[in-house]
Every structure is written in C-alpha cells, then in structure tokens.
Amino acid sequence: MKIALTGASGLVGSRITELLSSHFEFISLPQEDVDITAKDSVERALEMLSYDLFLHLAAYTDVDKAEKNSGLAYAVNVDGTRNLFEATQKAKKPFIYISTDFVFSGTNPVYDEASTPEPISVYGKTKYEGEQLVKDRAMIVRFSYPYRAHCPEKKDFATRVRELMLAGKELSMVEDETMTPTFIDDIAYSLKHLFTHFSPEVFHIVGSSSMSPYEAGKTIARVFDIKDAHIRPVSYKEFFAGHAPRPQYATLKSTKNTFHTMKNFEDGMREVGLQL
Ligand SMILES: NC(=O)c1ccc[n+]([C@@H]2O[C@H](COP(=O)([O-])OP(=O)(O)OC[C@H]3O[C@@H](n4cnc5c(N)ncnc54)[C@H](OP(=O)(O)O)[C@@H]3O)[C@@H](O)[C@H]2O)c1
C-alpha cells in the first residue's frame with residue numbers, strides 16, 4: 001500500500017515513517033517541494049502521484065505564535081487542508097486528517113469522539129475548520145500531547161521536562177490542568193490498523209491516562225530516578241498568563257480504539273527510557 005503524506009519531517013510523522021516503513025511505502029511531500037498553501041502546486045504534485053491513501057499531518061503547530069500569525073495559521077491549517085483534500089477527492093483517494101485535543105474548550109470532564117468541539121485558541125480554531133472541511137468524507141484522527149524517545153528537531157513536552165530536570169533547573173508545572181499524553185509509537189501502531197480499515201469518521205488515538213502537568217513531571221522524575229528534581233506547582237492562570245488559551249481540562253478518551261492498547265504515561269516513559 002502506498003501512502004502519500006505531508007508533515008513527514010515532523011515530531012509525529014518522522015516516527016510513523018520510521019516504525020512502519022517495512023509495512024507501507026511512504027511517499028513524502030516535504031514543504032520544500034510542495035507548500036500546501038499553494039493550490040496550483042498541490043494540484044500539480046498530486047496529479048503526478050501514484051498513491052492509495054493520503055495522510056495529512058502537516059500543520060502550523062505553534063499554539064502561541066498562531067495568535068499573532070493567525071493569517072499563516074489559517075493559510076496552512078485551513079487553506080492547506082482544503083487544497084490537499086480537493087486534489088485527493090478528484091482522484092477519489094481516502095484521506096486521513098490529523099487533528100488535536102485543542103479543538104475542545106477544556107471545560108467538560110471528559111471528551112470522546114462524540115463530544116462537540118469548541119476551540120478557544122487560533123490554533124484550535126484553524127484545526128477545527130480543517131476538520132469541518134473534510135468531515136464525513138475523510139477520517140479525522142485526533143492526537144494529544146505526543147511524546148517519543150528521540151527527536152532532536154522538535155522536542156516534545158516530556159523530553160523538555162526531563163532535560164531541564166537533569167540540568168538541575170527549577171520547573172513550574174501546572175497542577176489545576178489535565179492533559180492526556182500519548183506515546184507516539186502507539187500512535188504509529190494504531191494508524192497501521194486505520195490505514196487498512198479506512199472509514200470517514202472521527203477517532204481519538206490517545207494515551208490511556210490523564211493527569212496534570214505537575215503529576216506528569218513527578219512521573220518523569222520517578223521513572224528517570226531524578227532525585228533532586230525541583231518542581232514547583234503553579235496554577236493554570238499563573239502559568240499561561242500572556243499565552244494562547246489552552247483547554248484546561250483535556251481528559252481525552254476513545255470509545256472506538258479497540259484495535260491497539262495505548263500505554264499509560266508511566267509505562268510510556270519507561271519505554272522511552274529503554275529506547276534512549
Ligand atoms: N505536537 C503536538 O503536541 C500535537 C498534538 C496534537 C495534535 N497534533 C497534530 O499532529 C500533526 C503533526 O504534528 P507535529 O507536532 O508532528 O508537527 P511538527 O513537528 O510541528 O511538524 C509540522 C510539519 O508540517 C510541515 N509544514 C508546515 N507548514 C507547511 C506548509 N506550508 N506546507 C507543507 N508542509 C508544511 C512541516 O514541514 P517543515 O519541517 O518542512 O517545516 C513539518 O513537517 C499536526 O497536524 C498537529 O496539528 C500535534
């Protein structure tokens with residue numbers, strides 16, 4: 001099966017292609033060849049391409065900068081998605097759109113695939129507009145706080161926290177916020193199933209535990225045996241003052257993922273430790 005994809009150089013995409021390249025032929029469309037905001041360039045590139053399924057991972061992902069650069073965030077996340085989706089639909093190819101927990105407001109106790117998005121940031125709004133463009137015709141797969149062992153190009157939150165702790169820095173971590181960290185290897189193995197079971201519906205591919213960033217920090221210190229970790233609990237209000245709004249309580253669940261068991265954060269961190 002040939003899978004054409006955007007975002008193959010990113011935090012999540014580079015691990016998906018690394019882990020699954022013996023199962024699928026990946027055809028990467030890097031930004032330097034195809035800027036997805038340029039409709040003509042997208043059309044030309046896709047007309048010449050032979051593929052069975054399209055995986056759209058590329059996005060403008062800087063949540064804080066998106067507030068000021070909203071024009072670019074919309075161009076990449078909305079127009080870029082429209083350009084790709086229209087070109088793939090001309091060729092009648094299945095399309096998978098990757099989305100985020102940031103489409104939710106963070107006020108509900110839990111969010112599953114049936115929950116209604118209500119984004120509160122520019123980034124969240126652009127990703128949700130992308131969802132609406134493809135809804136019921138493409139598969140929408142939402143991720144949440146992805147982490148992995150190695151990715152020097154873009155460090156995930158767990159790597160940044162671990163490295164700062166090991167450097168002896170004091171960390172302020174929010175205690176009245178909930179997130180659902182997700183091991184990227186589990187994302188890759190879940191997608192392996194979804195690639196061959198396409199259906200135009202929403203899936204949450206998320207870790208099996210949710211906790212505050214403060215608790216996540218304590219887990220990282222415990223798993224990596226960092227005895228002198230300095231973690232100062234802070235409030236959501238204090239920590240995110242002057243930043244883009246984030247969903248405060250983002251416990252994500254899946255009622256549909258019956259095909260791959262997702263690790264909890266502690267087990268995911270142990271696996272990261274083994275891979276490092
Ligand atoms: N990371 C998270 O915390 C998180 C959480 C939930 C959901 N997600 C979603 O998961 C997906 C992957 O995220 P990620 O963190 O792996 O992304 P990332 O590391 O920030 O990488 C973004 C990718 O998008 C590409 N890109 C950006 N603008 C482009 C353009 N105009 N044309 C073509 N390609 C462009 C980049 O290419 P270059 O490298 O060439 O710039 C890069 O490959 C995204 O859809 C994101 O919304 C991420």
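Residues numbered from 1 in each chain as written. Predicted model: local features only at pLDDT ≥ 70, side-chain atom pairs only at ≥ 80, totals over all residues. Heavy atoms only, no water.

The cut-off we apply is this: UniProt positions are given in the numbering used here, feature names are shortened, and annotations may be inferred rather than shown by experiment.
The name that an unreviewed UniProt entry assigns to the protein chain is dTDP-4-dehydrorhamnose reductase. On record in UniProt, under Sequence similarities (unreviewed entry), the comment for the protein chain is "Belongs to the dTDP-4-dehydrorhamnose reductase family." Regarding the protein chain, the UniProt comment filed under Function (unreviewed entry) reads as follows: "Catalyzes the reduction of dTDP-6-deoxy-L-lyxo-4-hexulose to yield dTDP-L-rhamnose."

**Section: the overall build of the protein chain**
Note the following rule: Secondary structure elements follow DSSP: runs of H or I of four or more residues count as helices, runs of E of two or more count as strands, with numbering from the N terminus. To get the radius of gyration, use the C-alpha atoms; to get the globule rule, take the number of residues to the power 0.38 and multiply by 2.2 Å. Each residue is placed in one exposure class: buried if its accessible area under a 1.4 Å probe, protein chains only, is under 20% of its type's maximum, exposed if it is over 50%, and partly exposed if it falls in between.
Scanning the protein chain from N- to C-terminus turns up ten helices and ten strands. Over its C-alpha trace the protein chain gives a radius of gyration of 18 Å, about what one expects of a compact globule, namely 19 Å for 276 residues. Viewed in the frame of its principal axes, the protein chain has a C-alpha envelope of about 55 × 40 × 35 Å. Buried positions account for 53% of the 276 residues belonging to the protein chain.

**Topic: the sheet that holds strand E3 (residues 53–56)**
Stated precisely, the cut-off is as follows: The pairing criterion is simple: DSSP has to find at least two bridges between the two strands. Comment: axis = line fitted to C-alpha atoms, over the contacting stretch for helices; angle = value between 0 and 180 degrees taken between N-to-C directions. The contact criterion used is simple: two residues touch if any of their non-hydrogen atoms lie within 4.5 Å.
Strand order in the open sheet formed by six strands is E2-E1-E3-E4-E5-E9, and the pairing between neighbours is parallel. The open sheet has two edge strands, strand E2 (25–28) and strand E9 (202–204), and neither has a second partner. If you compare each strand with its neighbour and ignore which way they point, the axes differ by 25 degrees on average. Note: E3 against strand E4 (residues 95–100), three bridges, orientation parallel. By the bridge assignment for E4, Phe 54 is matched with Phe 95. Most of the contacts of helix H5 (residues 122–134) go to E4, to which it runs at about 155 degrees, and overall it touches E4 and strand E5 (139–143).

**Points about the nonpolar core**
Under the convention used in this document: Buried residues of nine kinds, namely Ala, Val, Leu, Ile, Met, Phe, Trp, Tyr and Cys, make up a nonpolar core once their side-chain atoms join them within 4.5 Å.
If you look at the biggest cluster of nonpolar residues, it comprises 51 residues, and the most contacted ones within it are Leu 46 and Phe 265. Beyond its immediate sequence surroundings of up to four residues, Phe 265 is in contact with Tyr 147, Phe 157, Ala 158, Pro 181, Ser 209, Met 211, Ala 216, Thr 219 and Ile 220.

**Thoughts on the packing of aromatic side chains**
Test applied: Classification of ring pairs uses Phe, Tyr and Trp, with its six-membered ring standing for Trp, and accepts pairs whose centres are within 6.5 Å; under 30 degrees between planes counts as stacked, over 60 as edge-to-face, and the remaining range as tilted.
Tallied over the entire structure, the rule returns 17 aromatic pairs. Ring centres 6.0 Å apart and planes at 75 degrees place the aromatic pair Phe 102 and Tyr 123 in the edge-to-face group. A residue pair is termed long-range when its members are at least 10 positions apart, and Phe 102 in the loop between E4 and H5 and Tyr 123 in helix H5 qualify at 21 residues. In this structure Tyr 123 comes out as buried when scored by relative accessible area, which is 10%. Ring geometry for Phe 104 versus Tyr 111: centroids 4.3 Å apart, planes at 20 degrees, classification stacked.

**A word on the pairing of strand E1 (residues 2–6)**
Extensive coverage of E1 is indicated by the burial of four of its five residues. Relative to E2, E1 runs parallel, the two being bridged by four bridges. Its bridge partner lying in E2, Ala 4 is registered against Ile 27. Where E1 meets E3, four bridges bridge the pair, whose relative direction is parallel. Residue pairing in the sheet places Ile 3 in a bridge with Leu 53 of E3.

**A short note on helix H6 (residues 157–166)**
Applicable threshold: By the criterion applied in these results, polar contacts are pairs of N or O atoms within 3.5 Å in which, for protein atoms, one can donate a hydrogen and the other can accept it, and in which residues neighboring in sequence qualify only through two side-chain atoms.
All of the buried residues along H6 are Phe 157, Ala 158, Thr 159, Val 161, Arg 162 and Met 165. The inward-facing, buried residues of H6 abut strand E6 (146–147), strand E7 (170–174), helix H8 (213–223), strand E10 (230–234) and helix H10 (265–275). Of the residues that open H6, the one with a side-chain oxygen 3.0 Å from the backbone nitrogen of Ala 158 is Asp 156. In the segment just after H6, Gly 168 is the residue with positive phi, at about 80 degrees.

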